[in-house]
Amino acid sequence: MRRYSQLPGAGRQDTLADRVHRYRGVLLVVLAPLALVSLVLLLMPRAPSGAAQRPLGGGGAAAVAAGDKKYAVIFDAGSSGSRVHVFCFDGNLDLVHIGTDIELFVQKKPGLSAFANDPREAAQSLVSLIEKAKEVVPAELRDQTPVRVGATAGLRALGAGKSEEILQAVRDLLREKSSFKNQPDWVTVLDGTQEGAYEWVTINYLLGKLGKTYADTVGVVDLGGGSVQMAYAIPEKDAEKAPKPADGEESYMKKLFLKGTTYHLYVHSYLRYGLLAARAEILKAGNANGYSNCVLAGHQGQYKYGGNIFEASAAPSGSSFSECRADVVKALKVDEACTHMKCSFGGIWNGGGGAGQKNLFVASFFFDRAAEAGFINSNAAVAKVKPSDFEEAAKRACKLNVNDAQSSYPAVQKDNVPYICMDLVYQYTLLVDGFGVDPQQEMTLVKKVPYSDAFVEAAWPLGSAIEVASSS
Ligand SMILES: O=c1[nH]cnc2c1ncn2[C@@H]1O[C@H](COP(=O)(O)OP(=O)(O)O)[C@@H](O)[C@H]1O
Ligand SMILES: [Ca+2]
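Residues numbered from 1 in each chain as written. Chains lettered and ligands numbered in written order. Predicted model: local features only at pLDDT ≥ 70, side-chain atom pairs only at ≥ 80, totals over all residues. Heavy atoms only, no water.

Novice: How do you make sense of the overall build of the protein when you look at a structure like this?
Specialist: Along its length, the protein carries 16 helices and 17 strands. When the 472 residues of the protein are sorted by exposure, 54% land in the buried category. Long-range contacts, defined here as pairs at least 24 residues apart, represent 72% of the contacts in the protein between residues at least 6 apart. Entry remark: accessible area of the protein is about 21100 Å², with carbon and sulfur atoms responsible for 52%. (Helix = DSSP H or I, 4+ residues; strand = E, 2+ residues; numbered from the N terminus. Buried < 20%, exposed > 50% of the residue type's maximum accessible area, 1.4 Å probe, protein only. Contact = heavy atoms within 4.5 Å. Areas by Shrake-Rupley, 256 points an atom, 1.4 Å probe, with all protein chains shown as cover.)

Novice: Any chance you could explain the packing of helix α7 (residues 192-206) against helix α16 (residues 461-470) here in plain terms?
Specialist: Any two packed helices are characterised by how steeply their axes cross, that is the angle between the axes, and by the distance between the axes. One can describe the packing of α7 onto α16 by two numbers: an axis separation of 6 Å at closest approach and a directional angle of 85 degrees. Judged by the inter-axis angle, α7 sits roughly perpendicular to α16. Here Tyr198, Val201, Thr202, Tyr205 and Leu206 of α7 come into contact with α16, specifically with Leu462, Gly463, Ser464, Ile466 and Glu467. Of the residues belonging to the contact of α7 with α16, the class tally is six nonpolar, three polar and one charged. (Axes fitted to C-alpha atoms, helices over the stretch in contact; angles between N-to-C directions. Parallel < 35°, antiparallel > 145°, perpendicular 65-115°, else oblique. Nonpolar A, V, L, I, M, F, W, Y, C, P; charged D, E, K, R; others polar.)

Novice: Just to check I follow, could you spell out the domain arrangement of the protein for this structure?
Specialist: Accessible area lost when the parts come together is the quantity often used to give the size of an interface. Once the domains are mapped, the protein shows domain 1 (70-190 + 460-471) and domain 2 (192-441). With 19 residues of domain 1 at the contact, the number on the domain 2 side is 18 residues. Between domain 1 and domain 2, a total of about 1400 Å² is buried, with carbon and sulfur atoms accounting for 62% of that surface. When the area that domain 1 buries against domain 2 is broken down by residue, the three leading residues are Arg156, Leu190 and Trp460, summing to 34%. The interface formed by domain 1 and domain 2 holds one salt bridge in total. (Domains from an automatic or database assignment. Buried area = accessible area lost by both parts, 1.4 Å probe. Salt bridge = Lys/Arg side-chain N within 4 Å of Asp/Glu carboxyl O.)

Novice: I would appreciate a short explanation of the state of the cysteines in the present structure.
Specialist: By definition, a disulfide links the sulfur atoms of two cysteine residues through a covalent bond. This structure, assessed with the given rule, holds three disulfides. The residue that forms a disulfide with Cys294 is Cys324, at a sulfur-sulfur distance of 2.1 Å. Linking Cys294 and Cys324, the disulfide has an S-S dihedral of approximately 105 degrees and is accordingly described as right-handed. Separated by 30 residues along the polypeptide, Cys294 in the loop between α9 (275-286) and β11 (302-305) and Cys324 in helix α10 (residues 321-332) bring together distant segments of the chain. (Disulfide = S-S within 2.5 Å.)

Novice: Is there a simple way to think about the site of ligand 1 in this case?
Specialist: Taken together, the neighbourhood of ligand 1 is formed by 21 residues, with Ser80, Thr152, Gly226, Asp368 and Glu457 sitting nearest. Residue Ser227 places a main-chain N or O atom 3.2 Å away from an oxygen atom belonging to ligand 1. Expressed as a share of its isolated accessible area of 550 Å², the protein-covered part of ligand 1 is 92%. Contributions of two or more residues to the shell around ligand 1 are made by β3 (82-89) and α12 (365-372). Residue assignment places the shell around ligand 1 across two domains, with domain 1 (70-190 + 460-471) and domain 2 (192-441) each supplying three or more. (Near = heavy atom within 4 Å. Polar contact = N/O pair within 3.5 Å; in protein donor to acceptor, adjacent residues only side chain to side chain.)

Novice: Before we go on, may I ask you to explain the nonpolar core in this structure?
Specialist: Across soluble globular proteins, you tend to see nonpolar side chains buried next to one another. One finds Tyr266, Phe366, Phe390, Tyr426, Leu430, Phe435 and Leu445 to be the most contacted residues of the largest nonpolar core, which totals 72 residues. The leading source of residues in this core is helix α15 (residues 420-434), at 10 residues. Among all residues touching Phe390, those that are not within four sequence positions of it are Phe366, Ala370, Phe375, Val385, Leu424, Gln427, Tyr428, Leu431, Met443 and Leu445. Core analysis: the second largest hydrophobic core is formed by 39 residues, Ile102, Leu258, Tyr451 and Ala469 among them. (Core = buried A, V, L, I, M, F, W, Y, C linked by side-chain atoms within 4.5 Å.)

Novice: Hey, could you run me through α16 in this one?
Specialist: Residues three or four positions apart in an α-helix share a direction because the helix packs 3.6 residues into each turn. The element α16 is largely enclosed, with a buried count of 10 among its 10 residues. By the burial criterion, the buried members of α16 are Pro461, Leu462, Gly463, Ser464, Ala465, Ile466, Glu467, Val468, Ala469 and Ser470. On its buried side, α16 packs onto β2 (69-77), β3, β5 (147-151), α7 and β17 (454-457).

Novice: What is the right way to look at α12 in this model?
Specialist: Extensive coverage of α12 is indicated by the burial of seven of its eight residues. Among the residues of α12, Phe365, Phe366, Phe367, Arg369, Ala370, Ala371 and Glu372 are the ones counted as buried. Gly374, located one to two residues past α12, shows a positive phi value of around 90 degrees.

Novice: Sorry if this is basic, but what is going on with the packing of aromatic side chains here?
Specialist: Geometry of an aromatic ring pair is reported as the spacing of the ring centres plus the angle between the planes. Taken as a whole and assessed by the stated rule, the structure comprises 16 aromatic pairs. Geometrically, the ring pair formed by Tyr303 and Tyr305 is stacked, given 6.4 Å between the ring centres and 5 degrees between the ring planes. Their ring planes at 85 degrees and their centres at 5.6 Å tell us that Phe366 and Phe390 sit as a pair that is edge-to-face. Note that Phe366 is positioned in helix α12 and Phe390 in helix α13 (residues 387-398), a separation of 24 residues in sequence. Against the face of Phe321 rests Lys395, its NZ or CZ located 5.1 Å from the ring centre. (Phe/Tyr/Trp six-rings, centres within 6.5 Å; stacked < 30°, edge-to-face > 60°. Lys NZ or Arg CZ within 6 Å of the ring centre and 35° of its normal.)

Below, the structure written as structure tokens:
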């Protein structure tokens, strides 16, 4: 848990307001031409022909300026939990401290989709997060500070009707309780491409890569609970040849304009292939005999996901790495017909690879399971690993029964223990057979990214906040 300290500046409102009032005539004469000149200077170098002004093409929620500081409040309504992030940017769009931290980050479980039949209660689950956010934004700036809510795979999977009811309840709550600047179209289900693009912006921004050529940027994989995203930059000439997506699928390409540079981003989000959703797919793919080759010996039970129930009992001989792997390959539909040059899995174009994907930053559940399986330090922000590390860990885990696994992996939550073999096999197979990563290729698992003298969460909300802050 972070500390929330009161920002300097709160409480000076009256004095400042008095002074502004007294000198308003002088201020107008001095500031009006200055503002005009700065506007011209700001816009001039940022307008190459044809490039969009809004870096991510979003809704234009302008972050608020305090001096040259701008705050933005972003809610991440993830499938397994809700989180709030508050960021503060200076005039150069660099992050500045909020009290002693560089970001306010608070999280809560479960996510909105756990309240599928009670939209009001879903919205109420955000109240404590709203309160925490309010504590760090100075009172006089709150009504000008935009709050956005992005829901991901959990609400996507609920379908339009139920998710819209929940979003409406959240809009009502923000209007009545948040005191932040809110707008109905700032509370949405993010499409998978948007989520992947924001995550790519977050990581590349924090690493100082934005403004450099596409080949200097890093590729990003984000394994959530409900969906998994792959995003990386490719050369313009390749982007022009990108296949058109199938009916109902999102476009493979997204054009971003950031720090004076245009990027052509390949992004795909695979719904139902987040770690928790994939368990259901794996159980469906491999459950022919009423048991699963991926569930640890000694476990008899059912797995509940997205309102459905799946048989999840161990085979008589317990879990097996190789048989579980075969089930995962089936669940991934690795052999599905590919109508493009090259596919990842399920007939989806792989983007063609290249320099923007060479250096991979891999986030969310990849980090968490690697830490729980004990092959990376859970207190580190980043860790270098290879896909083969997941393979080795999986081979070890698949040999255990539930009791031995509980004592071998004390960091694994009790509910997750029967699935530790399945999760690790899935992660290895997703990387190698799904995304085509070489088992020996080094990649970076990332939880937080070092930035200035602090660490920032490696998650999509910062990308959204950058869009908000740069569109003012
Ligand atoms: O802000 C964050 N910081 C670090 N990890 C995060 C953050 N947001 C999500 N995660 C990781 O993602 C995992 C679950 O993803 P989430 O609930 O967001 O599913 P979704 O993206 O499929 O909706 C969490 O267990 C956690 O490891
Ligand atoms: Ca997520």
